[in-house]
Amino acid sequence: MAFPKNQTIHCDVTSCKHHSASNMCELESIKVAPRTACHSGKCDESECSSYSRG
């Protein structure tokens, strides 16, 4: 699958080292993973696995 080169990742997690002052993720891509033992069917069921404490 080809992705556009102009994708952006918005992020409000200021504790992540990839977070920029303009509320953007500075990584080219992120990995989204399921949360352990969470099967709610809502947005809290997943998390950014690319998070790295700043």
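Since this is a predicted model, take the numbers as computed values, not measurements.

> Mind showing me how you'd approach the overall build of the protein chain here?
Check the secondary structure of the protein chain and you find zero helices and two strands. A compact globule built from 54 residues would reach a C-alpha radius of gyration of about 10 Å, whereas the protein chain, at 13 Å, exceeds it by more than 25%. Considering only C-alpha atoms, the protein chain reaches an extent of 30 × 30 × 15 Å along its principal axes. Within the protein chain, buried positions represent 17% of all 54 residues.

> Please explain the environment of Cys38 as it appears in this structure.
Following the sequence through the fold, Cys38 ends up in the loop between strand S1 (32-34) and strand S2 (46-48). Accessibility expressed as a relative area gives 12% for Cys38, which makes it buried. Each residue touching Cys38, except ones within four places of it in the same chain, is listed here: Asp44 and Glu45.

> Where do I start with the layout of surface pockets in this structure?
Take a probe with the size of a water molecule and roll it over the atoms, and the empty space left behind shows itself. Its boundaries defined by the atoms lining it, the largest pocket holds a volume of some 260 Å³. Per-element tally for the lining of the largest pocket: the top contributor is S2, with three residues. A per-class count over the lining of the largest pocket returns 10 nonpolar, four polar and one charged.

> Can you walk me through unusual backbone geometry in this structure?
Trans is the prevailing form of peptide bonds, just as negative phi is the prevailing case for residues other than glycine. Even without being a glycine, Asn23 presents a positive backbone phi close to 60°. Here Asn23 shows up in the segment before S1. Classification of Asn23 as partly exposed rests on a relative accessible area of 35%.

> Which parts of the structure should I look at to understand the side chain of His19?
Its place among the elements puts His19 in the segment before S1. Here Cys11 takes part through its backbone oxygen, which lies 3.3 Å from a polar atom of the side chain of His19. In this view, His19 contacts Cys11, Asp12, Val13, Thr14 and Met24; residues no more than four positions away in its chain are not counted.

Parameters at a glance
Residues numbered from 1 in each chain as written. Predicted model: local features only at pLDDT ≥ 70, side-chain atom pairs only at ≥ 80, totals over all residues. Heavy atoms only, no water. Helix = DSSP H or I, 4+ residues; strand = E, 2+ residues; numbered from the N terminus. Rg over C-alpha atoms; globule rule 2.2 N^0.38 Å. Buried < 20%, exposed > 50% of the residue type's maximum accessible area, 1.4 Å probe, protein only. Contact = heavy atoms within 4.5 Å. 1 Å grid on protein atoms, 1.4 Å probe; cavity = no way out; pocket = protein on both sides within 12 Å on 5 of 7 lines; lining within 4 Å. Points joined across faces, edges and corners; volume = space filled by probe spheres on them. Nonpolar A, V, L, I, M, F, W, Y, C, P; charged D, E, K, R; others polar. Polar contact = N/O pair within 3.5 Å; in protein donor to acceptor, adjacent residues only side chain to side chain.

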